[in-house]
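Residue-level structure breakdown
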Amino acid sequence: GCEPLDCQFGAWNEWQSLGTCTGLATRHRQVTMPNNECGRPCNGVQAQTAQRKTQNSSSCKIKDNDCEWSPWSEWPSCTEHRSQSMRSRSIRKQARGNGRGCVGNSKETKQCAWVASPASCQLTKWGEWTECSPSCGGGWRAKMRRIRSHAKYGGEPCKGDLKIVEQCSTQPCVADADCQ
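Since this is a predicted model, take the numbers as computed values, not measurements.

Turning our attention to the overall build of the chain. The number of helices and strands found in the chain is 0 helices and 13 strands. Reading the chain from its N terminus to its C terminus gives the helix and strand order β-β-β-β-β-β-β-β-β-β-β-β-β. Looking at the chain as a whole, 14% of its 180 residues qualify as buried. Across the chain, every contact between residues at least 6 apart in sequence was considered, and the portion connecting residues at least 24 apart equals 59%.

Shown next, in the form of C-alpha cells:
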C-alpha cells in the first residue's frame, strides 16, 4: 500500500485593500502540502474577497454631482413626406451621491411648419373609342380616362366620369347584308 498524504493549506495572509472606495479587500492562502495519489485533496478556496471597513473613509466620500444633459441636437429639416420633426439629447453626467437626477425628456418632437400648396385632381386625356360591337342594328362603344393624381392638401377633387358609353351602329340591318 500507499501511505496517504493529505493536502494542507497554509495560513491566510493579511487582508489587502483593492485600492478603491468600495471597501473591498482580498486575502490568499497557499497549498503548503499537496496530496499524494491516495491522500485527500485540499477542500476550500485559495482566495477570498470581502467588504471591509475602509481606513480612509473621508477621502472616499462620493461628491454630490447633479445630472447634466448634453445640448439638444439640431432640428432636422421638414420635408413634404414628414409631418413632424424630432431632436434628441443624452445624459452627459449621471447624478452622484445626493445630486439631483436629470429632469425632462431625451427626445422632443414638433409639428413641421411647412405649408403645402393645394394640388387639384388631375385626369388623363380621354382614350380612343372602342370598336362598336355589331356593324348594324345597334351596339355600344366606350372611351375611358384615369386619375393621374388625386387631390392633395385641400385641392379640388376629381370631377366628371372616367368612362363614357354610347350607342353606335344604330342603322337597321338589311336582310341580305352581313350583320355581325
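So, about the confidence of the model for the chain. Averaged over every residue, the pLDDT of the chain is 84; residues scoring 70 or more account for 89%. When mean pLDDT is compared element by element in the chain, strand β10 (residues 122-123) scores highest at 93, while strand β2 (residues 16-17) scores lowest at 84.

All right, on to the state of the cysteines then. As enumerated under the stated definition, the model contains 6 disulfides in all. A sulfur-sulfur separation of 1.8 Å characterises the disulfide bridge that pairs Cys 121 with Cys 158. Handedness of the Cys 121-Cys 158 disulfide follows from its S-S torsion of about 90°: it is right-handed. Placement of the pair is Cys 121 in the loop between β9 (107-111) and β10 and Cys 158 in the loop between β12 (147-149) and β13 (163-168), with a sequence separation of 37 residues. Here Cys 132 pairs with Cys 168 through a disulfide, and the sulfurs are 1.7 Å apart. Around the S-S axis, the bridge from Cys 132 to Cys 168 shows a dihedral of about 90° and counts as right-handed. You can see Cys 132 sitting in the loop between β10 and β11 (139-144) and its partner Cys 168 sitting in strand β13, a full 36 residues away along the chain. Its relative accessible area of 9% is what places Cys 168 among the buried residues.

What follows concerns the packing of aromatic side chains. Following the criterion strictly, the structure yields 0 aromatic pairs and no others. Here the guanidinium or amino end of Arg 89 rests over the ring plane of Trp 69, the centre of that ring lying 4.0 Å away.

Once that is clear, we can look at the environment of Cys 132. Judged by its relative accessible area of 19%, Cys 132 falls in the buried class. With 37 residues separating them along the chain, Cys 132 and Ser 169 place their C-alpha atoms 7.0 Å apart. Setting aside its immediate chain neighbours within four residues, Cys 132 contacts Gly 139, Trp 140, Arg 141, Cys 168 and Ser 169.

Each value, and the rule that gives it
Residues numbered from 1 in each chain as written. Predicted model: local features only at pLDDT ≥ 70, side-chain atom pairs only at ≥ 80, totals over all residues. Heavy atoms only, no water. Helix = DSSP H or I, 4+ residues; strand = E, 2+ residues; numbered from the N terminus. Buried < 20%, exposed > 50% of the residue type's maximum accessible area, 1.4 Å probe, protein only. Contact = heavy atoms within 4.5 Å. pLDDT = per-residue confidence, 0-100. Disulfide = S-S within 2.5 Å. Phe/Tyr/Trp six-rings, centres within 6.5 Å; stacked < 30°, edge-to-face > 60°. Lys NZ or Arg CZ within 6 Å of the ring centre and 35° of its normal.

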